[in-house]
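Now for the letters of each chain:
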Amino acid sequence: MSTITDLAALVARHVPSTGMVRTPIDRLSLFRADAPTVPLPAVYEASLCVIAQGTKQVSLGERSLVYDAAHYLLVSVDLPLVGHVIQADRDTPYLCCKIDIDQAALADLILAEGGRAPRADLPALAVYRSDDDLIDATCRLMRLLDQPASIPALAPLIEREILYRLLTGPHGPALRYMAVADSHLNQVSRAIATIRTGFDRPLRIGDIATAAGMSASSLHEHFKAVTRMTPLEYQKQLRLQEARRLMLSAGTTASSAGFAVGYESPSQFTREYARLFGAPPRRDIEQLQRSGNLLTPV
């Protein structure tokens, strides 16, 4: 059976330097950092994050979690988190693989089990101790990168096994509850998807509530319980994170970035940007570029 050391060797071979690699397996991404990174906000999709080496911290509001090679991070719905690598160096880099959750496959597995998923109050963001079977399955998925012809046939099977391992683990009840169409977790997930699709447009709570199948008051209550923020605050984070990405990766000016993500007032954009990132746009981007320790948070 493959071990966490085997997984580290596989990730290191496919990501030889700091950065992210999107693999031929659609839902598998790999990450490496050769030094600690600065905290960066980003939206984490519903996913499993398995660290093979190093340590990472993620925060949702005032709640922070630390995970490492002995623990995995499970994100049940798309969440705006702040993450940074806290332990890594050139000799022992941070190595991680992220497997996005296939919602259709998850629902199919749950349906095959029969019965209705019980209500679960487990958090949508959680860290659990890794187990040998989960690590072994992740290694087998990684090895398919050396057998590209086998990916279409075998990757879905191994991903399904990984989902099964999660369903039978400590977070299983929350995953089952998430897949139930009329559960609050599923409804919030639909609301999040609607906000993300049109984050640069004015937020209409009535439309979001309708898409989620909830009343406006129920949407506010359960949205905040899951994400630690209101729908408007969630949209604001999406806008500011995208503006930051445009300035950092595309060289867009602050004013153009603000307009691109839906702000009509440059002063409001600058004020809200500084409140989230700790500095006005231009100074923040200059600080990030000087630091060099940037990595998509996973």
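All of the points below concern the structure found in this document. Model, not experiment: these values are computed from the prediction.

### A word on the side chain of Q235
Argument step 1. As for its position among the elements, Q235 is in helix α9 (residues 231-250).
Argument step 2. By relative accessible area, which is 4% here, Q235 ends up buried.
Argument step 3. Among all residues touching Q235, those that are not within four sequence positions of it are I195, G198, F199, R201, P202 and L203.

### Thoughts on the environment of F223
Argument step 1. Note that F223 resides in helix α8 (residues 216-227).
Argument step 2. Expressed as a C-alpha distance, the spacing of F223 and S189, which sit 34 residues apart in the sequence, is 8.8 Å.
Argument step 3. Ignoring sequence-local partners within four residues, the contact set of F223 consists of V188, A191, I192, I195, R228, M229, T230, P231 and Y234.

### A look at the pairing of strand β8 (residues 79-87)
Argument step 1. Two strands pair when backbone bridges link them, and strand β3 (residues 40-44) and β8 are joined in this way by five bridges, in the antiparallel orientation. Bridged to V43 within β8 is P80.
Argument step 2. Two elements, strand β5 (residues 55-60) and β8, share five bridges in a ladder whose sense is antiparallel. Residue pairing for β8: V58 is matched across the bridge by G83.

### With respect to the nonpolar core
Argument step 1. L28, L48, L73, L79, Y94 and L141 are the most contacted members of the largest nonpolar core, which has 78 residues in total.
Argument step 2. With seven residues, helix α4 (residues 151-167) is the largest single contributor of residues to this core.
Argument step 3. The next biggest cluster of nonpolar side chains, apart from the first, holds 13 residues, and it includes L40, M247, Y273 and I285.

### Things to note about the sheet that holds β5
Argument step 1. A sheet is described by the order of its strands in space; here four strands give the open sequence β3-β8-β5-β6, paired in antiparallel fashion. Strand pairing shows two members of the sheet lacking a second neighbour, β3 and β6 (63-68), which therefore form its edges. Sheet twist, expressed as the average angle between the axes of neighbouring strands with direction ignored, equals 35°.

The rules behind these values
Residues numbered from 1 in each chain as written. Predicted model: local features only at pLDDT ≥ 70, side-chain atom pairs only at ≥ 80, totals over all residues. Heavy atoms only, no water. Helix = DSSP H or I, 4+ residues; strand = E, 2+ residues; numbered from the N terminus. Buried < 20%, exposed > 50% of the residue type's maximum accessible area, 1.4 Å probe, protein only. Contact = heavy atoms within 4.5 Å. Pairing = 2+ DSSP bridges. Core = buried A, V, L, I, M, F, W, Y, C linked by side-chain atoms within 4.5 Å. Axes fitted to C-alpha atoms, helices over the stretch in contact; angles between N-to-C directions.

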